[in-house]
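Observations on chain architecture
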Amino acid sequence: MHRVYLDNNATSPTLPEVFEAMRPYFLDKFGNASSIHQQGQQARAAVEQARERVAELLNCRPAEIVFTSGGTEGDNLALFGLVKPGDHIITSPVEHHAVLNACKRLEQIGCEVTNVPVDGRAQVDPEDVRRAIRPNTKLISIIFANNETGVLQNVKEIGKVAAEADVYFHTDAVQAAGKVPIDVKVIGCDLLSLTAHKMHGPQGAGALYVRKGTLLQPMFYGGRHERSRRAGTENLPGIVGFGKAAEIARLGFMDGSVERIASLRDNLEKTIVETLDQVSVNSAGAPRVPNTTNVVFDCLEGEAMVIALDLKGLSVSTGAACSSGAIEPSHVLTAMGLSPDRARASIRFSLGKQNTEDDIRFALQLIPEVVTRLRELSPVYKKPVSARA
Ligand SMILES: Cc1ncc(COP(=O)(O)O)c(C=O)c1O
């Protein structure tokens with residue numbers, strides 16, 4: 001069966017160039033980067049080259065990159081590495097669970113957490129962040145690009161608020177990397193999390209940018225890897241693949257591939273809205289990453305639509321991958337004011353570098369067909385008068 005994958009915010013396929021870069025590090029170049037012999041030196045050189053490539057993507061020093069197992073670890077290291085009982089954290093209700101649940105745990109161990117609200121487009125007002133600052137505020141953690149809606153927060157302004165108050169600023173940039181340029185100096189953040197598998201690298205590798213001079217308490221105790229910030233033998237093939245993916249991501253802003261994805265996404269979104277009634281785009285009009293669109297198909301059950309599309313060869317999602325299958329409506333969509341029913345009727349389409357015009361044509365053929373069929377079964381759907389035969 002012909003299959004099209006439009007769920008790249010859940011995970012994106014490893015590009016063939018990335019896989020080829022990794023291949024030797026599973027086979028003859030298998031060394032431990034901490035060993036002093038030939039194989040060890042070869043591994044060390046590869047890890048350091050990858051570190052340089054990731055640093056170039058963020059415009060930081062290679063020494064400010066700490067390799068992790070992915071976004072969840074980076075977020076946890078940023079939060080638990082800085083915040084202690086009695087400290088106050090400012091965050092938002094549209095964070096990924098890696099930050100939301102870390103904050104819940106921090107609250108249980110005696111930290112104070114403030115959730116600043118978001119508006120109807122899921123954006124945080126930096127002035128609300130400023131107003132939430134208290135004498136014991138240690139950290140502001142606000143997501144850069146949301147995984148469900150693709151909405152970009154005004155991280156530059158939030159960075160200014162943090163700097164003026166002399167508070168640490170962490171941003172989860174897992175869904176921003178490769179989609180919008182990231183310059184940690186322009187943002188003014190102290191910590192920033194990335195993961196390779198959302199940018200066409202392998203699963204299980206990621207990084208935390210830690211601004212020079214930021215003292216982090218490590219989460220793991222062991223060897224002195226990653227300048228004692230993250231103990232454990234480096235994931236050599238994963239890190240090499242991440243480095244290659246970072247290089248490709250940086251070039252993507254110059255070779256037209258980001259614009260190509262943006263135009264495919266725009267065409268998909270525009271055609272869905274023009275073709276079907278009672279359909280709208282969540283966070284339309286807000287600044288968004290170019291690969292994501294989140295659409296409400298009123299009077300439908302999102303999960304039913306995901307299954308129906310999957311059976312016909314199209315992979316999409318109702319939101320965060322980890323909550324697929326859950327009946328709970330998305331916390332992101334309800335935080336921006338959607339009713340639970342409309343949140344449940346929302347579908348995320350997220351594109352990647354592998355997607356083509358043919359993929360979008362295929363999706364645009366299937367979606368109206370599936371929506372029309374499911375709505376015929378819906379007890380709440382009423383065809384608009386103009387569309388009735
Ligand atoms: C915004 C965001 N942060 C963090 C994560 C977690 O990243 P990882 O899967 O690498 O642990 C994800 C993954 O869905 C994400 O979308």
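As the structure is a computational prediction, the values presented were derived from the model and not from experiment.

Our focus in this paragraph is the overall build of the protein. The number of helices and strands found in the protein is 14 helices and twelve strands. Here the protein has a C-alpha radius of gyration of 22 Å; the compact-globule value for 389 residues is 21 Å, and the two agree. Each principal axis of the C-alpha atoms in the protein carries an extent, and together these give about 75 × 55 × 35 Å.

Inspection of the secondary structure puts Asp359 in helix α14 (residues 357-376). For Asp359, a relative accessible area of 12% puts it in the buried group. Sequence-distant contacts of Asp359, that is, excluding residues within four places in its chain, are made with Val4 and Gln354. A polar atom in the side chain of Asp359 sits 3.0 Å from the side chain of Asn355.

This part covers the packing of helix α11 (residues 302-311) against α14. Following both chains from N to C, one finds α11 and α14 inclined at 130°, their axes separated by 10 Å at the closest point. When the axis of α11 is compared with that of α14, the two are oblique. Judged by the sense of rotation from one axis to the other, the crossing of α11 with α14 is right-handed. Here Ala304, Met305, Ala308 and Leu309 of α11 lie close against α14, whose contacting residues are Leu366, Ile367, Val370, Val371, Arg373 and Leu374.

In this section: empty space enclosed by the protein. Here the structure, examined in full by the defined rule, presents one cavity of 30 Å³ or more. As a volume, the largest cavity reaches approximately 180 Å³. Lining the largest cavity are 18 residues, with Gly178, Lys179, His200, Ile261 and Lys353 positioned closest to its centre. Residue assignment for the lining of the largest cavity shows that the elements contributing at least two residues are α9 (236-251) and α10 (257-275).

Attention now moves to the pairing of strand β10 (residues 292-297). The buried fraction of β10 amounts to six of the six residues, a majority that puts the element mostly inside the structure. The sheet contact formed by strand β9 (residues 279-281) and β10 spans three bridges and is antiparallel. Looking across to β10, one finds that Val281 is bridged to Val295. Taken together, the five bridges between β10 and strand β12 (residues 346-350) define a ladder with antiparallel strand orientation. Paired with Val296 across the bridge in β12 is Ser346.

Cut-offs used in this document
Residues numbered from 1 in each chain as written. Predicted model: local features only at pLDDT ≥ 70, side-chain atom pairs only at ≥ 80, totals over all residues. Heavy atoms only, no water. Helix = DSSP H or I, 4+ residues; strand = E, 2+ residues; numbered from the N terminus. Rg over C-alpha atoms; globule rule 2.2 N^0.38 Å. Buried < 20%, exposed > 50% of the residue type's maximum accessible area, 1.4 Å probe, protein only. Contact = heavy atoms within 4.5 Å. Polar contact = N/O pair within 3.5 Å; in protein donor to acceptor, adjacent residues only side chain to side chain. Axes fitted to C-alpha atoms, helices over the stretch in contact; angles between N-to-C directions. Parallel < 35°, antiparallel > 145°, perpendicular 65-115°, else oblique. Left-handed = near helix turned anticlockwise from the far one by under 90°. 1 Å grid on protein atoms, 1.4 Å probe; cavity = no way out; pocket = protein on both sides within 12 Å on 5 of 7 lines; lining within 4 Å. Points joined across faces, edges and corners; volume = space filled by probe spheres on them. Pairing = 2+ DSSP bridges.

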